[in-house]
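Residue-level structure breakdown
Chain residues, written in single-letter form:
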Amino acid sequence: MAKSDNNLVVGLDIGTSKVLVIVAEVSPDGDIEIIGVGHHPARGMRKGVVANIESTVRSIESAVEEAELMAGCDIYSVYAGIAGAHISSFNSHGVVAIRERDAGVGDSDIDRVIDAAKAIAIPSDQRILHVLPQQFIIDGQDGIRAPVGMCGVRLEAKVHIVTGALSAAQNITKCIQRCGLEVEGLILEQLASSQAVLSEDERALGVCLVDIGGGTTDIAVFVDGAIRHTAVIPIAGDQVTNDIAVALRTPRLSAEEIKHNYGCALVQLAGGGGAIETPGVGDRPPRKLARQTLAEVIEPRVHELFNLVRSELNRSGFEKSIGSGVVLTGGSSRMEGMAELAEEVFHLPVRLGVPSYPGALQGVVSSPLHATGVGLILFGHGNRQNIRSGRKNGRGANALDRMKGWFRGDF
């Protein structure tokens, strides 16, 4: 337990079906190395939000203990993911006058224009989670990424604002604090996943990230290197499991196991293989069925999900702008045939997004299941770097400054 807490970054992914904790150590040269992973089945979560505090707390504690044992350290603070149908987002625009025209744009000007962009009315039961700059405009010149030092009179900012239910954020925070942990930040889960699985070239060309979890499917669209649209669809892997349980008349736990071991999202790929034994409910005897029969249950639900994602893309107006296609990630994206079926629905290139981590635990975390957890680590590391940079420049390190630096770091 000799590792310093200052050198640790911990990501906590509280999903509908699992709780995942990833611990990373920051080296003196700024590199991160994952040293511990803990996971435990989620109890008390429903479609990304807390439904039972006591059960959620126990699941978090179990995952944290496993990660601490593997990493050989004590965990005191975490960066946690947040998701759910309560998440909403929109684009906004702010304008300010540059204070010192000869000196150029300063940090205070950027703070003021971002404040102006987020000075919009939101419902009292919502809170702003992220203010993500898309581009800056100086005297009509757009497409500016780093405006500091540039001369001009008028500074504009286009930003993407993400909001969530205040109660949902408070309940997640309460569960984490009940485990004796500090919450360093709440991060939109698809935003975290994008950090782990998307390349800069994909962001620049345009890409749609589809993070398929247990309770929700989270969407993030990037165009010209900046985030343009986010959305949450309350259909995901749990609905597929329920369909299998009902259609095959088998217990839900058995349906989940059958899905992971034999599931296929495309009937034409499910040929071959032996018969699958399906446990019965109650005292009913088990039955045998072909894998193709299982695929006939799964494909319609997954097809429906991808159609909903495509409808969301149409609604956003960015369907024609994602030149690099679609990236699938999340635990439920691992099923055979998911990418092939997605290509049929979207008529775009589709790949499976896996965290690109080259360290010693590469074999452990190189799975779509760990995309959000690894992304939380990357976000947390970037946030701390921005805090240190702000301190060197004489800026305050209160909560507002930290979040501003964090948002700008994402940009």
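Above this text you will find the structure in question.
Residues numbered from 1 in each chain as written. Predicted model: local features only at pLDDT ≥ 70, side-chain atom pairs only at ≥ 80, totals over all residues. Heavy atoms only, no water.

**Quick notes on the pairing of strand β1 (residues 8-14)**
- With 7 of its 7 residues buried, β1 lies for the most part within the structure.
- Judged by which residues are buried, β1 turns out to be covered on both faces: L8, V10, L12 and I14 on one side and V9, G11 and D13 on the other are all buried.
- Pairing between β1 and strand β2 (residues 18-26): 7 bridges, direction antiparallel. Bridging across to β2, V9 finds its partner in A24.
- The turn linking β1 back onto β2 is made up of 3 residues. (Buried < 20%, exposed > 50% of the residue type's maximum accessible area, 1.4 Å probe, protein only. Helix = DSSP H or I, 4+ residues; strand = E, 2+ residues; numbered from the N terminus. Pairing = 2+ DSSP bridges.)

**Details of the layout of surface pockets**
- Quantified by volume, the largest pocket comes out at close to 950 Å³.
- Around the largest pocket, the lining comprises 44 residues; the ones closest to its centre are T16, S17, K18, G214 and D238.
- For the lining of the largest pocket, the elements supplying multiple residues, two or more each, are β1, β2, β3 (32-41), β4 (45-46), α4 (189-197), α6 (237-248), α7 (252-262) and α11 (371-392).
- Of the residues forming the lining of the largest pocket, the biggest block, 5 residues, is contributed by α7. (1 Å grid on protein atoms, 1.4 Å probe; cavity = no way out; pocket = protein on both sides within 12 Å on 5 of 7 lines; lining within 4 Å. Points joined across faces, edges and corners; volume = space filled by probe spheres on them.)

**Let's talk about the sheet that holds strand β10 (residues 154-165)**
- Here 4 strands make up an open sheet; going across it, the order is β7-β10-β8-β9 and the pairing antiparallel. The strands lining the two open edges of the sheet, one partner per strand, are β7 (88-97) and β9 (141-144). In this sheet, adjacent strand axes meet at a mean angle of 35 degrees when their direction is disregarded.
- When strand β8 (residues 126-138) meets β9, the two strands line up antiparallel, connected through 2 bridges. Along β9, the bridge assignment pairs I138 with Q141. (Axes fitted to C-alpha atoms, helices over the stretch in contact; angles between N-to-C directions.)

**Quick notes on the packing of α6 against α7**
- Where α6 contacts α7, the axes come no closer than 8 Å and their chain directions differ by 110 degrees. Taken as axis vectors, α6 and α7 run roughly perpendicular relative to one another. The crossing of α6 and α7 is right-handed. On α7, the residues touching G237, D238, V240, T241, N242, I244 and A245 of α6 are R252, A255, E256 and K259.
- When grouped by side-chain class, the residues that make up the contact of α6 with α7 number 4 nonpolar, 3 polar and 4 charged. (Parallel < 35°, antiparallel > 145°, perpendicular 65-115°, else oblique. Left-handed = near helix turned anticlockwise from the far one by under 90°. Contact = heavy atoms within 4.5 Å. Nonpolar A, V, L, I, M, F, W, Y, C, P; charged D, E, K, R; others polar.)

**Examining the sheet that holds strand β18 (residues 350-352)**
- Pairing is mixed across the open sheet formed by 5 strands, whose spatial order is β14-β13-β12-β17-β18. Strand pairing shows two members of the sheet lacking a second neighbour, β14 (226-233) and β18, which therefore form its edges. Geometrically, the sheet is characterised by an average inter-axis angle of 20 degrees between neighbouring strands, direction not taken into account.
- Where strand β13 (residues 217-223) meets β14, 7 bridges bridge the pair, whose relative direction is antiparallel. Paired with I219 across the bridge in β14 is A231.

**Describing the pairing of strand β17 (residues 326-329)**
- Every second residue of β17 is oriented toward a common face, with V326 and L328 on one face and V327 and T329 on the other, all of them buried.
- In this sheet, β17 lies alongside strand β12 (residues 207-212) in parallel orientation, the contact comprising 4 bridges. Across the sheet, D211 pairs through a bridge with T329, a residue of β17.
- As paired elements, β17 and β18 share 3 bridges and run parallel to each other. Looking at the pairing, V326 lines up with V350 of β18.
- Handedness of the β17-helix α9 (residues 338-346)-β18 crossover: right-handed. (Right-handed = clockwise from strand over helix to strand, strands pointing away.)

**A short note on the environment of A220**
- Structurally, the position occupied by A220 is in strand β13.
- In this structure A220 comes out as buried when scored by relative accessible area, which is 0%.
- Through-space distance from the C-alpha of A220 to that of T230 is 4.5 Å; in sequence the pair is 10 residues apart.
- Excluding anything up to four places from it in sequence, A220 contacts Q190, V207, C208, L209, I227, H229 and T230.

**What to know about helix α3 (residues 166-178)**
- Taking 1.5 Å of rise per residue, 13 residues should cover 18 Å, and α3 covers 18 Å from first to last C-alpha, within 8% of that figure.
- For α3, the set of buried residues is A168, A169, I172, T173, C175 and I176. Down the axis, α3 shows its buried residues gathered within 160 degrees of arc, on one side only. (Expected span 1.5 Å × (residues − 1). Arc of directions from axis to C-beta.)

**Some remarks on the side chain of T173**
- Residue placement: T173 occurs in helix α3.
- When near neighbours in sequence (up to four residues on either side) are disregarded, T173 contacts V183 and L186.

**A few points about the environment of N171**
- Along the polypeptide, N171 turns up in helix α3.
- N171 sits in the partly exposed class, given a relative accessible area of 28%.

**Looking at empty space enclosed by the protein**
- Taken as a whole and judged by the stated rule, the model has 3 cavities of 30 Å³ or more.
- Quantified by volume, the largest cavity comes out at close to 80 Å³.
- Lining the largest cavity we find I212, I235, A236, G237, V240, K259, R301, V302, L305, S332, M335 and M338.
- When residues of the lining of the largest cavity are traced back to their parent elements, those giving at least two are α6 and α8 (291-316).
- Broken down by element, the lining of the largest cavity gets its largest block of residues, 3 residues, from α8.
- Split by residue class, the lining of the largest cavity holds 8 nonpolar, 2 polar and 2 charged.

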